[in-house]
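Spelled out, the chains give:
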Amino acid sequence: MLREIDTDVCVVGGGPAGLVLALLMLRSGARVTVVECARAHQRAFRGEILQPGAMALLDALDVLAGARARGAHRHDRFLVIEGERVLLEADYRLLPAPYDHLLSVPRPHLLDELLAHCRRWPCFRYLPGRRADGLLRREGAIAGVIADGPPGRCVVRARVVVGADGRFSRIRRLAGIGAGRAEAFAQDVLWCTLIARPGEPRVGDVRVFRTGGGPVLVHGSWPDRIQIGWTLPHRRYRHIAGLGLDQVTERLVRAVPQYAAPIREQIRTPADLGVLDVFSARAERWAADGLVLIGDAAHTHSPIGAQGINLAVQDAVVLHPLLVRALAEGDTSAERLAEFERRRGPDIAAVMRMQTLQSRAILSRGAFTTRVRPRLARALRRTPLYRKVLQRMAYGNPSIRVADAGVCGRT
């Protein structure tokens, strides 16, 4: 039987952006339906580091403590290392407590906690295992989605649809909005997750090791995992993989020899590795009549600087009061919803500029990078500018706060 649902807000995508927005809209009295293609939160996720900005907003929603209690791992510093030399250091301990660190939270822990909070509201519906494969339209405006999957086909009629379905957004494509992809970084990241050997001490830093074969990101992950991301030139992995799995693992061992034993023991098949296509993008527009895009669906970023979840949560917090007012006034036109891009766009542009600079710092070679820059970085640490730059990395736009936006109207 075809299931039909009427709702105020249909969020397509149950990631951090979608579920934070759902919770905020529920708190403002809206009826919210979330359509999510995954049936559970147990699949592998790579981005799991929370910046202080995201932590503060999640804390304001009473979500952070519960997610943290499910299991998390604290990191005090972000380091760029070459050999025995620290080239760059971002010491988060210099920030005011309690958000004076990075926090690695497995994505299922965060999503399960957000979902638990949403389910406390009787006007919330969650439709897992269904992919949006069509848009409903009324008088030219988007008025809902058609979702299908093993649990059954659904028609969700909504006053506004929010595309929060990631960097390859299906909703964006169905709406005819261009992705705006740019090969600004032209890299791939080869990911693997290792289990730490018994007795091996936890490392409380996120580290990037600069090597001749490309930078390698390493950080601890709950409960006893080690996340490794090896940055390669775009499409270079195809060549390396063609040499055989043993060649891949040995090159990774040469890059981070301190992890040689677990790499050789635990990377047994190509399935133990994953490749992330790194690119930046900004959708040609973030709104249409009855539709608004947020998170990676609107703007996609490099993993450099661990900004993904930070930006997703902030997007939801910025959109929330704008969307409440639009619903209360019965105006979900493209012009009205485009206010979100007008407000959020400058922040996103600033992050993209910052990531470009960070990428150059990590990837650049030469005497300046290896000899002069470390001395400049040490000198900078003793100035107010160091804390200002650190604050910008940690919070982005510090004025973003969870709003008490009142109650949504219904037509």
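Residues numbered from 1 in each chain as written. Predicted model: local features only at pLDDT ≥ 70, side-chain atom pairs only at ≥ 80, totals over all residues. Heavy atoms only, no water.

An unreviewed UniProt entry annotates the protein as FAD-dependent monooxygenase of Streptomyces milbemycinicus.

## Brief notes about helix H7 (residues 245–255)
Residues Val248, Thr249, Leu252, Val253 and Ala255 constitute the buried set of H7. Taken down its axis, H7 places every buried residue within 160° of arc, on the same side. For H7, exposure combined with an orientation more than 90 degrees from the buried face picks out Asp246 and Arg254. (Buried < 20%, exposed > 50% of the residue type's maximum accessible area, 1.4 Å probe, protein only. Helix = DSSP H or I, 4+ residues; strand = E, 2+ residues; numbered from the N terminus. Arc of directions from axis to C-beta.)

## Some points on the environment of Leu194
By the secondary structure assignment, Leu194 is in strand S12 (residues 181–195). Among the residues examined, Leu194 registers a relative accessible area of 1% and is labelled buried. Ignoring any residue separated from it by four or fewer positions in sequence, one finds Leu194 in contact with Asp224, Arg225, Ile226, Ile228, Pro262, Ile263, Gln266 and Ile267. (Contact = heavy atoms within 4.5 Å.)

## Describing the nonpolar core
Within soluble globular proteins, side chains that are nonpolar generally end up buried alongside one another. Counting 99 residues, the largest nonpolar core has Val9, Val32, Leu50 and Leu323 as the members making the most contacts within it. A per-element tally of this core places helix H9 (residues 308–328) first, with 13 residues. (Core = buried A, V, L, I, M, F, W, Y, C linked by side-chain atoms within 4.5 Å.)

## Observations regarding the sheet that holds strand S4 (residues 73–75)
The strand order across the open sheet built from three strands is S3-S7-S4, with neighbouring strands paired in antiparallel fashion. The sheet is open, and its two edges are formed by strand S3 (49–50) and S4, each paired on a single side. As defined by bridge partners, S3 adjoins strand S7 (residues 102–104) across two bridges and the pair is classed as antiparallel. Across the sheet, the residue bridging to Leu50 is Leu103, located in S7. (Pairing = 2+ DSSP bridges.)

## Points about helix H13 (residues 384–395)
Under the 1.5 Å per step criterion, the end-to-end length of H13 is 17 Å for 12 residues, consistent within 8% with the ideal 16 Å. Within two residues after H13, Gly396 carries a phi angle of roughly 65°, on the positive side. (Expected span 1.5 Å × (residues − 1).)

## Description of unusual backbone geometry
Along the chain, Ala97 connects to Pro98 via a cis peptide bond; the corresponding omega equals 5°. Here Pro98 lies in the loop between strand S6 (85–91) and S7. At Glu139, a position not held by glycine, the phi torsion is positive, near 55°. Within the secondary structure, Glu139 is located in the loop between strand S9 (131–138) and strand S10 (141–148).

## Observations concerning empty space enclosed by the protein
For the coordinates displayed, the defined rule picks out two cavities of 30 Å³ or more. Of the voids in this model, the second largest cavity is the one considered here, and its volume is about 30 Å³. If you trace the second largest cavity, you find it lined by Leu311, Gln314, Arg344, Asp347, Ala350, Val351, Arg392, Gly396 and Asn397. At the level of elements, H9 and helix H11 (339–363) are the ones that each hand at least two residues to the lining of the second largest cavity. If one sorts the elements of the lining of the second largest cavity by residue count, H11 sits on top with four residues. Its residues assigned to classes, the lining of the second largest cavity shows three nonpolar, three polar and three charged. (1 Å grid on protein atoms, 1.4 Å probe; cavity = no way out; pocket = protein on both sides within 12 Å on 5 of 7 lines; lining within 4 Å. Points joined across faces, edges and corners; volume = space filled by probe spheres on them. Nonpolar A, V, L, I, M, F, W, Y, C, P; charged D, E, K, R; others polar.)

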